[in-house]
Amino acid sequence: MRKKPTRKPTIRKLTDSALRTWVAGLIRRQRVIGVQADGERFAFKPLTRAEDLRLDYDVTKIPPKKLFQPAAEPLLEYDQAANYRSIFETEPFVLFGVHPYDMVAILQMDQVFSEKHCDAHYFARRQNATIVVCDVQKASPNVFAGCMGTATIRKGYDVLMTRVGGHYVVEAGSPKGEALMEGLKNRPEADEASLHRREQVWEDNAKFLVRHTLRMKPAEIPALLQRSEDHPVWEEKAARCFSCGSCNLVCPTCYCFDVRDDVKWDLQGGMRRRYWDGCMLLNFANVAGGHNFRKNRADRYRHRYYRKGLYVPAKLGGEISCVGCGRCITACVSKIANPVEIYNRLLEER
Amino acid sequence: MMKTRVCACQTKDVYLPERARVVASEPMTATERFLAFELESGRPLGHQPGQFVEVSVPGVGEAPISISSSPTRGAAFEMVVRKVGNVSRAMHELKPGDPVGIRGPFGTSFPVGGAMKGQDVLFVCGGIGLVPVRSAIQYVLDHRKDYGHATILFGTRTPAERLFVAEAAEWARAPRATYMETVDRGDGQWTGSVGVITTLLPKVTIQPAKTVAVICGPPIMYKFVILELRRMGLSDDRMYVSLERHMKCGVGKCGHCQINGLYVCQDGPVFRFADVAQIREAI
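Reading the values: rules and limits
Residues numbered from 1 in each chain as written. Chains lettered and ligands numbered in written order. Predicted model: local features only at pLDDT ≥ 70, side-chain atom pairs only at ≥ 80, totals over all residues. Heavy atoms only, no water. Domains from an automatic or database assignment. Contact = heavy atoms within 4.5 Å. Buried area = accessible area lost by both parts, 1.4 Å probe. Salt bridge = Lys/Arg side-chain N within 4 Å of Asp/Glu carboxyl O. Polar contact = N/O pair within 3.5 Å; in protein donor to acceptor, adjacent residues only side chain to side chain. 1 Å grid on protein atoms, 1.4 Å probe; cavity = no way out; pocket = protein on both sides within 12 Å on 5 of 7 lines; lining within 4 Å. Points joined across faces, edges and corners; volume = space filled by probe spheres on them. Helix = DSSP H or I, 4+ residues; strand = E, 2+ residues; numbered from the N terminus. Pairing = 2+ DSSP bridges. Axes fitted to C-alpha atoms, helices over the stretch in contact; angles between N-to-C directions. Buried < 20%, exposed > 50% of the residue type's maximum accessible area, 1.4 Å probe, protein only. Nonpolar A, V, L, I, M, F, W, Y, C, P; charged D, E, K, R; others polar.

## With respect to the domain arrangement of chain A
All names here are of chain A. Looking at chain A, the domain boundaries give domain 1 (11-208) and domain 2 (218-347). If you average the C-alpha positions of domain 1 and of domain 2, the two centres end up 25 Å apart. On the domain 2 side, the residues contacting the 44 residues of domain 1 number 42 residues. In this assembly, domain 1 packs against domain 2 so that about 3600 Å² is buried in total across both faces, 58% of it on carbon and sulfur atoms. Counting across the interface, domain 1 meets domain 2 through four salt bridges. Among the ionic pairs, arginine 327 bridges to aspartate 102, the shortest N-O distance being 2.7 Å. At the junction of domain 1 and domain 2, the tally comes to 23 residue pairs in polar contact (both at pLDDT 80 or more).

## What about empty space enclosed by the protein?
All names here are of chain A. Throughout the structure, instances matching the rule amount to seven cavities of 30 Å³ or more. Taken as a whole, the largest cavity encloses approximately 120 Å³ of empty space. Along its surface, the largest cavity is lined by 18 residues, and Cys251, Arg304, Cys322, Cys328 and Pro339 are the ones closest to its centre. Those elements that provide at least two residues to the lining of the largest cavity are helix H11 (297-315), helix H12 (327-331) and helix H13 (339-347). Among the elements that make up the lining of the largest cavity, the one with the highest residue count is H11 (three residues).

## Digging into the sheet that holds strand E5 (residues 77-82) of chain B
Residue and element names in this part refer to chain B. Strand order in the open sheet formed by six strands is E4-E3-E6-E1-E2-E5, with antiparallel pairing between adjacent strands. Every interior strand has two partners, whereas the edge strands, strand E4 (61-66) and E5, have only one. Across the sheet, the axes of successive neighbouring strands diverge by a mean angle of 40°, strand direction being ignored. Sheet topology places strand E3 (residues 52-57) next to E4; six bridges connect them, and they run antiparallel. When the sheet's bridge partners are listed, glutamate 54 is paired in E4 with proline 64.

## Notes on the pairing of strand E8 (residues 159-164) of chain A
All names here are of chain A. Extensive coverage of E8 is indicated by the burial of five of its six residues. When strand E7 (residues 129-134) meets E8, the two strands line up parallel, connected through three bridges. Of the residues in E8, the one forming a bridge with valine 132 is valine 159. Alignment of E8 against strand E9 (residues 167-172), held across six bridges, turns out to be antiparallel. If you follow arginine 163 over to E9, its bridge partner there is tyrosine 168. Between E8 and E9, which follow one another and run antiparallel, lie two residues, and glycine 165 among them has a positive phi close to 60°.

## Overview of the domain arrangement of chain B
Residue and element names in this part refer to chain B. According to the domain assignment, chain B contains domain 1 (14-106) and domain 2 (120-242). Each of domain 1 and domain 2 has a C-alpha centre, and these two points are 24 Å apart. Between domain 1 and domain 2, the buried area comes to about 1400 Å², and carbon and sulfur atoms account for 57% of it. By the criterion of area lost to domain 2, the three top residues of domain 1 are Ser68, Arg73 and Arg82, representing 33% of everything that side buries. Summed over the shared surface of domain 1 and domain 2, the result is two salt bridges. A salt bridge links glutamate 78 to arginine 134; the shortest N-O distance between them is 2.8 Å.

## Examining the interface of chain B and chain A
Taken together, the contact pairs 45 residues of chain B with 60 residues of chain A. Summing both partners gives a buried area of about 4300 Å² for chain B against chain A, and 53% of it is carried by carbon and sulfur. For the interface between chain B and chain A, the tally reads five salt bridges. Residue Glu62(B) is joined to Arg272(A) by a salt bridge in which the shortest nitrogen-to-oxygen separation is 3.4 Å. When residues of the side of chain B that touches chain A are traced back to their parent elements, those giving at least two are E3, E4, strand E6 (99-106) and helix H5 (264-267) of chain B. Considering only residue class, the side of chain B that touches chain A consists of 19 nonpolar, 14 polar and twelve charged.

Spelled out as structure tokens, the structure:
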């Protein structure tokens, strides 16, 4: 087979008003989920008006994982005769304004959901999505993506937008992205100066999206954890843990789930759904009959950090399964969920 | 550019059960029920001794259940279910002909075709730990010439909780086989051994260099049995344990069955003890 000639990706320059026109056009044609204000903070929500899109956000309350693994997700329908039928989400959508660290998390979830047994429900949603990544314009209070190598991203997105000065540089990263940018045919190509300023934004973001400083390279975390099972930090921190699971829910790389059968009102059948679950919750490792294999709070607490820094990385070719979004730090009521603080503490003598 | 994923999931949903029917349902003890199933398609399940399936009871839910019969015993596959959760309670109501959903088989199996072959085999089972191990016992007895002496040790809390009593009598009569049982406490009529499972081990002579042990029972049992087997000279790489966790999805995703970095549904439920001896959460 002849190799297709590699085409240079389309890169255009977009003013704010051109952006609004583009987004308005997209909304007319298809489902668009975009970042919007939600009270004092931000959230991914269905976009009905282009002017509601807030690409200047700092971080969303819940990561975009909810679009690919909804908090309550139908898997199957069944009837009382044990006829089970798969349910798949089939509506295409554009996901607008994902930050690079969240895109890294999505790419990690692509790997865990395709590893060994491929999860058709996850990929039905995933393949229906066109993802527009937007470089961070405002650092959130607890972001540390700069330490995790996730402040910027060069592949995996469909479109990448970067604000440089008073406009955006918009680059296609996939055939889907090229198709989405069809609507920008008449916009100017990005000039050298804009591209140069974009490089500067990337450099700055890698440097400044660091509200907490990790005193090691992320690649050193697995080995550090391997020798830290008995470190006192697990008991110290867990002593103040409410086992509420907030850190699990807001984490872009927490994907554990529970599965439940919900019976329909007529009792003739129902739906099997999966729900977000969390390894910090007391009953997570319960088996029928009541035995709890991870009853100790410190064991659950340690398990979560070991998943992020050791167990899941083993599935990801070594990549750390923490992208530095800082949501857990913000969400934790006891203020014990700062991964940077924990990893740094492990460097210290016990 | 992102790679386009071409994968089997577009044709296969790993969460979709296949329909099966109950072909036998009998009470076994006050809390355990014996059930046998056949896939409606008529094809054999294709399991290995020690594997498990996810059983769906319509309107109730899904639960991981060990297969108790050997694949050498025909297309039907058997289970013994203790009435402890929603699904197992519903399974106690199942009658022959009732439909259920089955996914699997999942997980690793007892090494009947590997490490156990040509060796003396020592089965140490506590309570319903006998249920998954029975698949390997049947397999070994059905391929009698492929294995050395088979010793089956079974302990329960009371005589009334013993499982497969009639079948165990056959095991005791099988060529080159020993069957011993004990109860934690007798019931007045009991004339057999009294004491926990480890009290049977001193009654057994093993040749450590040519013996493989298979251990399954309640969580508390493993460490005592393993310590005793070590004292008898058996090395960790000759012990196989079947571990219980909640294998909710069966495909290594949901996280419930994790033992440190291991997924019991994929890396287990059968582990060589040497491979998990240094893993904190295993035993």
